[in-house]
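Architecture and fold: a report
For reference, the chains in residue letters:
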Amino acid sequence: MGNNMDKKRAGKLKQFAFALGLQFNNIDYLNEALTHSSYTNEHNHCLCNERLEFLGDAVLDVIVSDYLFHDKKLDEGKLTKYRSHFVREASLVKYARALHLGDVLRLGRGMQNDVGIAMLADTFEALVAAIYKDGGMESASKFVLSLMAKDMDEAFNVGVEENYKSCLQEKLQENGEVNINYELMERTGPAHAPIFKVQVSVDGKVLGEGAGTTIRGAEQEAAKNALGKK
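Just so it is clear, the structure is predicted and the values come from calculations on it, not from any experiment.

The next thing to look at is the nonpolar core. Ranked by internal contacts, the top residues of the largest apolar core, which has 46 residues, are Leu30, Phe86 and Phe124. Where this core is concerned, the elements lending two or more residues are α1 (7-19), α2 (27-33), α4 (50-71), α5 (76-87), α6 (89-98) and α7 (117-158). For this core, the element with the most residues is α7, which contributes 17 residues. Among all residues touching Leu30, those that are not within four sequence positions of it are Leu13, Phe16, Ala17, Phe24, Leu127 and Ala130. The next biggest cluster of nonpolar side chains, apart from the first, holds 12 residues, and it includes Ile180, Phe196, Val200 and Val202.

Below, the structure is given as structure tokens:
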């Protein structure tokens, strides 16, 4: 084991990888991806994740671009617009938090309680690069799309600008609130023309309600109404 990693750290990383459905041939890549520069400043001969972050940014661009190119019939301008939306910082932070990257990120003593938004986004990019370095583009693509494909498809159905669910997610992230719940409250109308009523809440606190001819549309309306109250 390299990168100044003891058996305890290696064991923790292997458990983390297993929980994500990943298996590293070289666990040092994962260790490097989850080591912040503040930690390396305090420990000699220890690599930080900045170089992997650089590589991960490019790998993400390729994976998202390829998905958009093959699955969505868009012109160049819209392809660029959608790609920018999906790889922006706010989007990456959502996935970093869902993966609990902050819990396994090695930080310097002065940074232990200061895992910021930019740091989480950078760590997600570094993780993607680590997967790519260890298992190639196929492994990296499989991992990224397992997280992002559903969100990308939903954004296409409602449009980037009108994706109120994503906007609400990002707004709540600014306050550290991420446990958003959409609940179907009611279905009315005939079978051929149903109306769905959905409620969105955080930790039991109702933020908004919405109705639509599809559950997805009702969720978007609920998020839109919640944003109007924020």
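More follows now that the structure is in view.
Moving on to the environment of Val198. With respect to the helices and strands, the residue Val198 is situated in strand β2 (residues 195-202). Here Val198 falls in the buried class, since its relative accessible area comes to 1%. In this structure, the C-alpha to C-alpha distance between Val198 and Val93, residues 105 residues apart in sequence, is 26 Å.

In this structure the tally under the stated criterion is zero disulfides. Here Cys48 stays free of any disulfide, with the sulfur of Cys46 as its closest cysteine sulfur at 8.4 Å.

Each aromatic ring pair is characterised by the separation of its centres together with the angle its planes make. This structure, assessed with the given rule, holds three aromatic pairs. When the ring of Tyr82 is compared with that of Phe86, the centres are 6.1 Å apart and the planes differ by 45°; the resulting orientation is tilted. Of this pair, Tyr82 and Phe86 both sit in helix α5, four residues apart, which is roughly one turn of the helix. Across this residue pair, the class does not change: Tyr82 and Phe86 are buried. It is Lys165 that lies over the ring of Tyr182; its NZ or CZ is 4.7 Å from the centre.

Before going further, it helps to examine the packing of α5 against α6. Where α5 contacts α6, the axes come no closer than 4 Å and their chain directions differ by 40°. Considered as vectors, α5 and α6 are oriented oblique to each other. Residues His85, Phe86 and Val87 of α5 form the contact with α6, whose own contacting residues are Glu89, Ser91 and Leu92. Classifying every residue of the contact of α5 with α6 gives three nonpolar, two polar and one charged.

Okay, the pattern of salt bridges next. This structure, assessed with the given rule, holds four salt bridges. Salt-bridge contacts for Asp151 lead to Lys94; the nearest nitrogen and oxygen are separated by 2.7 Å. Here Asp151 is found in helix α7, whereas its partner Lys94 is found in helix α6, with 57 residues between them in sequence. Overall, Asp151 belongs to the partly exposed group, its relative accessible area being 25%. For Lys94, a relative accessible area of 23% translates into the label partly exposed. In this structure, the salt-bridge partner of Lys197 is Glu209, at a minimum N-O distance of 3.7 Å.

Mapped onto the secondary structure, Thr123 falls in helix α7. Sequence separation between Thr123 and His36 is 87 residues; the distance between their C-alpha atoms is 8.2 Å. Ignoring sequence-local partners within four residues, the contact set of Thr123 consists of Ala33, Leu34, Asn49, Leu101 and Leu105. Side-chain polar atoms of Thr123 contact the backbone oxygen of Met119, separated by 2.8 Å.

With that settled, consider α1. Under the 1.5 Å per step criterion, the end-to-end length of α1 is 18 Å for 13 residues, consistent within 8% with the ideal 18 Å. Buried within α1 we find Arg9, Ala10, Leu13, Phe16 and Ala17. Buried residues of α1 fall within an arc of 125° about the axis and therefore sit on the same side. Opposite its buried face, α1 presents the exposed residues Lys7, Lys8, Lys14, Gln15, Phe18 and Ala19, each directed more than 90 degrees away. Where α1 is buried, its residues touch α2. Directly after α1, the chain includes Gly21, whose backbone phi takes a positive value near 80°.

Our focus in this paragraph is the pairing of strand β1 (residues 180-188). Bridge count for β1 against β2 is eight bridges, and the pairing is antiparallel. Bridging across to β2, Arg187 finds its partner in Phe196. Between β1 and β2, which pair antiparallel in sequence order, lie six residues; one of them, Gly189, sits at a positive phi of approximately 85°.

Each value, and the rule that gives it
- Each chain has its residues counted from 1, running along the sequence as written.
- Under the rules for a predicted model, residues below a pLDDT of 70 receive no local features and side-chain atom pairs below 80 are neither given nor counted, while totals for whole chains, interfaces and linings still include all residues.
- As a rule here, side-chain values cover all heavy atoms of the structure and leave hydrogens and water aside.
- Only buried Ala, Val, Leu, Ile, Met, Phe, Trp, Tyr and Cys residues count toward a nonpolar core, and they belong to the same one when joined by side-chain atoms within 4.5 Å.
- A 1.4 Å probe rolled over the protein chains alone gives each residue an accessible area, and that area as a share of the maximum for its type sets the label: buried under 20%, exposed over 50%, partly exposed in between.
- Secondary structure elements follow DSSP: runs of H or I no shorter than four residues count as helices, runs of E no shorter than two count as strands, and numbering proceeds from the N terminus.
- Should any heavy atoms of two residues lie within 4.5 Å, those residues are counted as being in contact.
- Sulfur atoms of two cysteines make up a disulfide when they are within 2.5 Å.
- Aromatic rings from Phe, Tyr and Trp, with only the six-membered ring used for Trp, were paired whenever their centres fell within 6.5 Å, and each pair was classed as stacked if the ring planes differed by under 30 degrees, edge-to-face if by over 60, and tilted otherwise.
- Here, over-ring charges are defined by two tests on the NZ atom of lysine or the CZ atom of arginine: distance to the ring centre within 6 Å, and angle to the ring normal within 35 degrees.
- As a rule, the C-alpha atoms of each element are fitted with a line to give its axis, helices using only the stretch in contact, and angles between N-to-C directions run from 0 to 180 degrees.
- Reported orientations rely on four angle classes, namely roughly parallel under 35 degrees, roughly antiparallel over 145, roughly perpendicular from 65 to 115, and oblique for the rest.
- In the scheme used here, Gly and all other residues not listed as nonpolar or charged are polar, with Ala, Val, Leu, Ile, Met, Phe, Trp, Tyr, Cys and Pro taken as nonpolar and Asp, Glu, Lys and Arg as charged.
- Salt bridges are defined as contacts in which a side-chain nitrogen from Lys or Arg sits within 4 Å of a carboxyl oxygen from Asp or Glu.
- A 3.5 Å cut-off defines polar contacts: any pair of N or O atoms within that distance qualifies, except that in protein one atom must be a possible hydrogen donor and the other a possible acceptor, and neighbouring residues in sequence count only when both atoms are side-chain atoms.
- Given a helix with a known number of residues, its expected span is that number minus one, times 1.5 Å.
- Note that the arc is computed from the directions linking the helix axis to the C-beta atoms.
- Pairing between two strands requires that DSSP report at least two bridges joining them.

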